[in-house]
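Topology and contacts: notes
In case you want the letters, here they are:
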Amino acid sequence: TTKLDFMDNFEIKSNFSILRDNKELKDDDIIATGDILNLENGNSYILVVAGDINQDGKITAFDMAIMKKYLLGVRNLDELEELAADVNCDNKKIAAMDYAAMKNIFLGRK
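Described in the following lines is the structure provided in the data block.

Remarks on the packing of helix H2 (residues 61-71) against helix H4 (residues 96-106)
- Across the interface, H2 lies against H4 with an axial gap of 10 Å and an inter-helix angle of 165°. Here H4 runs roughly antiparallel to H2, going by the angle between their axes. Considering the relative orientation of H2 and H4, their crossing is left-handed. Contact residues: H2 offers Ala61, Asp63, Met64, Met67, Lys68 and Leu71, while H4 offers Ala96, Asp98, Tyr99, Met102, Lys103 and Phe106.
- Residues that form the contact of H2 with H4 fall into these classes: eight nonpolar, no polar and four charged.

Okay, structure coming up:
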């Protein structure tokens, strides 16, 4: 999702900015896990893109490899990675169902 698409999909009734590494995203930049939404009223939110474990804004083979290593017990996830790995958004332990959902999105079968 680009910043422009984000603006079109959400009704935010105040000015806002989305930052990555303390730089504001342009309208055509893709939003990634870990980007910061700053509202005019001073509230800030960390954005999480389902499946974007490596924080590049896309679901790629790298994200799938991280998820697979986690499920095999070879790798741990930090808190932000864990939120992104909850692809089916059920707020439960990351499991094979999340991996299957990620795979379907990756293959365009969402």
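Description of the nonpolar core
- With twelve residues, the main nonpolar core is built from Ile53, Ile59, Met64, Ile66, Met67, Tyr70, Leu77, Ala84, Ala85, Val87, Ile94 and Met102.
- Only H2 and helix H3 (79-85) provide two or more residues apiece to this core.
- Counting residues per element, this core draws most heavily on H2, which supplies four residues.
- Excluding anything up to four places from it in sequence, Tyr70 contacts Arg75, Asn76, Leu77, Lys93 and Ile94.

Remarks on H2
- Residues Asp63, Met64, Ile66, Met67 and Tyr70 constitute the buried set of H2. Projected down its long axis, H2 shows its buried positions confined to an angular sector of 160°, all on one face.
- In this fold, the buried residues of H2 make contact with H3 and H4.
- Looking one or two residues past H2, Gly73 carries a phi angle of roughly 80°, positive in sign.

Topic: the side chain of Ser17
- Locating Ser17 in the fold gives a position in strand E1 (residues 16-20).
- The buried category is assigned to Ser17, whose relative accessible area is 15%.
- What Ser17 contacts, discounting residues up to four positions off in sequence, is Glu24, Ile36, Leu37 and Asn38.

Quick word on the pattern of salt bridges
- Summed over the entire model, instances satisfying the criterion amount to three salt bridges.
- Of the charged contacts, one joins Asp35 and Arg20 as a salt bridge, the two residues approaching to 2.7 Å between their closest N and O atoms. Of this pair, Asp35 sits in the loop between strand E2 (23-24) and strand E3 (36-39) while Arg20 sits in strand E1; the two residues are 15 residues apart in sequence, bridging distant segments of the chain.

The rules behind the values
Residues numbered from 1 in each chain as written. Predicted model: local features only at pLDDT ≥ 70, side-chain atom pairs only at ≥ 80, totals over all residues. Heavy atoms only, no water. Axes fitted to C-alpha atoms, helices over the stretch in contact; angles between N-to-C directions. Helix = DSSP H or I, 4+ residues; strand = E, 2+ residues; numbered from the N terminus. Parallel < 35°, antiparallel > 145°, perpendicular 65-115°, else oblique. Left-handed = near helix turned anticlockwise from the far one by under 90°. Contact = heavy atoms within 4.5 Å. Nonpolar A, V, L, I, M, F, W, Y, C, P; charged D, E, K, R; others polar. Core = buried A, V, L, I, M, F, W, Y, C linked by side-chain atoms within 4.5 Å. Buried < 20%, exposed > 50% of the residue type's maximum accessible area, 1.4 Å probe, protein only. Arc of directions from axis to C-beta. Salt bridge = Lys/Arg side-chain N within 4 Å of Asp/Glu carboxyl O.

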